[in-house]
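Residue-level structure breakdown
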Amino acid sequence: MLIVETKADLRTALNAIRKSGQTIGFVPTMGALHEGHLSLMQMSKQQFDVTVASIFVNPTQFGPNEDFSKYPRTLEIDKAMLERDGIDVLFVPSVLDMYPKGQTTSIHVGEMTELYEGAIRPGHFDGVATVVAILFNAVQPDGAIFGQKDAQQVAVIKRMVRDLALPVNIIVGDTSREADGLAMSSRNRYLNADERRESIGLIKALNIVERELHAGDTILMAKQAGIETFEAFSPLGKLEYLDVVDSETFQPMTSFEPNRRPLTAIIAARFGSTRLIDNLPLTP
Ligand code: PAF
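These notes cover the structure that comes with them. Just so you know, these numbers come straight off a predicted model, no measurement behind them. (Residues numbered from 1 in each chain as written. Predicted model: local features only at pLDDT ≥ 70, side-chain atom pairs only at ≥ 80, totals over all residues. Heavy atoms only, no water.)

1. Quick word on the sheet that holds strand 7 (residues 237-246)
Pairing is antiparallel across the open sheet formed by 3 strands, whose spatial order is 7-8-9. Only two strands of the sheet have a single partner each, and these edge strands are strand 7 and strand 9 (274-282). When strand polarity is set aside, the average angle formed by the axes of neighbouring strands in this sheet is 15°. Sheet analysis places strand 8 (residues 263-271) next to strand 9, joined by 9 bridges and oriented antiparallel. Bridge pairing in strand 9 places Ala-269 opposite Leu-276. (Pairing = 2+ DSSP bridges. Helix = DSSP H or I, 4+ residues; strand = E, 2+ residues; numbered from the N terminus. Axes fitted to C-alpha atoms, helices over the stretch in contact; angles between N-to-C directions.)

2. A word on the packing of helix 9 (residues 201-214) against helix 10 (residues 219-233)
Contact geometry of helix 9 with helix 10 gives a least axis separation of 8 Å together with a crossing angle of 155°. Put simply, helix 9 runs roughly antiparallel to helix 10. The element helix 9 and its partner helix 10 pack so that their crossing is right-handed. Residue-level contacts link Gly-201, Leu-202, Lys-204, Ala-205, Ile-208, Val-209, Glu-212 and Leu-213 of helix 9 to Ile-219, Ala-222, Lys-223, Ala-225, Gly-226, Thr-229, Phe-230 and Phe-233 of helix 10. (Parallel < 35°, antiparallel > 145°, perpendicular 65-115°, else oblique. Left-handed = near helix turned anticlockwise from the far one by under 90°. Contact = heavy atoms within 4.5 Å.)

3. Considering the sheet that holds strand 1 (residues 2-4)
Working definition: the strands of a sheet are paired by backbone hydrogen bonds and lie parallel or antiparallel to each other. Taken in spatial order, the 6 strands make up an open sheet running 1-4-3-2-5-6, and their pairing is parallel. Each end of this open sheet is capped by a strand with a single partner; those strands are strand 1 and strand 6 (169-173). Adjacent strand axes in the sheet meet at a mean angle of 25°, parallel and antiparallel pairs treated alike. Bridge count between strand 1 and strand 4 (residues 89-91): 3 bridges; the pairing is parallel. Bridging across to strand 4, Val-4 finds its partner in Phe-91.

4. Concerning the packing of helix 6 (residues 124-139) against helix 7 (residues 151-163)
Where helix 6 meets helix 7, the axes come as close as 10 Å, and the angle between the chain directions of the two elements is 55°. Judged by the inter-axis angle, helix 6 sits oblique to helix 7. For the crossing formed where helix 6 meets helix 7, the hand is right-handed. Every residue of helix 7 that contacts helix 6 at Phe-125, Val-128, Ala-129, Val-132, Ala-133 and Phe-136 is listed here: Gln-152, Gln-153, Val-156, Ile-157, Met-160 and Val-161. Looking at side-chain class alone, the contact of helix 6 with helix 7 contains 10 nonpolar, 2 polar and no charged residues. (Nonpolar A, V, L, I, M, F, W, Y, C, P; charged D, E, K, R; others polar.)

5. Observations regarding the site of the ligand
The environment of the ligand is formed by Pro-28, Thr-29, Met-30, Asn-58, Gln-61, Val-131, Phe-146 and Gln-153. Note that an oxygen atom of the ligand is positioned 2.7 Å from one of the side-chain N or O atoms of Gln-153. The fraction of the free accessible surface of the ligand (290 Å²) that becomes covered by protein chains is 90%. Within the shell around the ligand, the residues separate by chemical class into 4 nonpolar, 4 polar and no charged. (Near = heavy atom within 4 Å. Polar contact = N/O pair within 3.5 Å; in protein donor to acceptor, adjacent residues only side chain to side chain. Areas by Shrake-Rupley, 256 points an atom, 1.4 Å probe, with all protein chains shown as cover.)

6. Notes on the side chain of Gln-148
With respect to the helices and strands, the residue Gln-148 is situated in the loop between strand 5 (143-147) and helix 7. In this structure the side chain of Gln-148 is engaged in a polar contact, spanning 2.6 Å, whose partner is the side chain of Asn-279. Not counting residues within four places of it along the chain, the set of residues in contact with Gln-148 comprises Val-172, Gly-173, Asp-174, Thr-175, Thr-264, Asn-279 and Pro-281.

What follows is the structure in structure tokens.
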């Protein structure tokens, strides 16, 4: 596996690959890799000739009181996993290489970045959109793979790619889950044993919302059933939101009409100082 630390070196390495006519798949990450990331890498390997992964804990997507400094950094283990899984190129830039001194440009994708995750984490999606645009420019991939686990991030990136006419095909990989249903996340390792046991309340609540909607309940009733389910499974958890949204715009929905535009049930909750998010795309 080729390990590259600057955008300039990356461009040189990838130019040769591109000139030889090979396609490039890209999986951006912040490291602390788990099975969920690795399944996205496998998707890239199946669809593209060459797979590039990046590991960069992006400071601009963390708020001042968030976990940037304590975000898990496991670079040596991550490298070994990527090497084992046959990833071709790993890009591990420094903050200075990504954000040269004096940089003032940032990307704001619009209203959807101010809802839900964006309301709780102001500026988060500006940081995500900006770093993803810089990474896309550095890698110039044919396709980039993101996890459905971060559904709002997926919606924001798809919107940015469409609005800025970026020549990248966005591919979404299903959420990988632990045996009990908890969505895999680098932040799960912060949970203590009691919080970990109760964290299944998120997926239990989403499953109930889906079941109730299909049984003919209104969104309001389904959400109420989801809240009660979360409270029953997760007394230690503090629910931040549970809603049903348009999967593309993240606008809240008030009526469930099967066969309309795709909808997603979304949830976020805090266990102690750990925030967890999850979602379920609703089948029509
Ligand atoms: O999903 C993540 O890990 C990050 O938000 C991303 C897309 C790598 C941008 O920093």
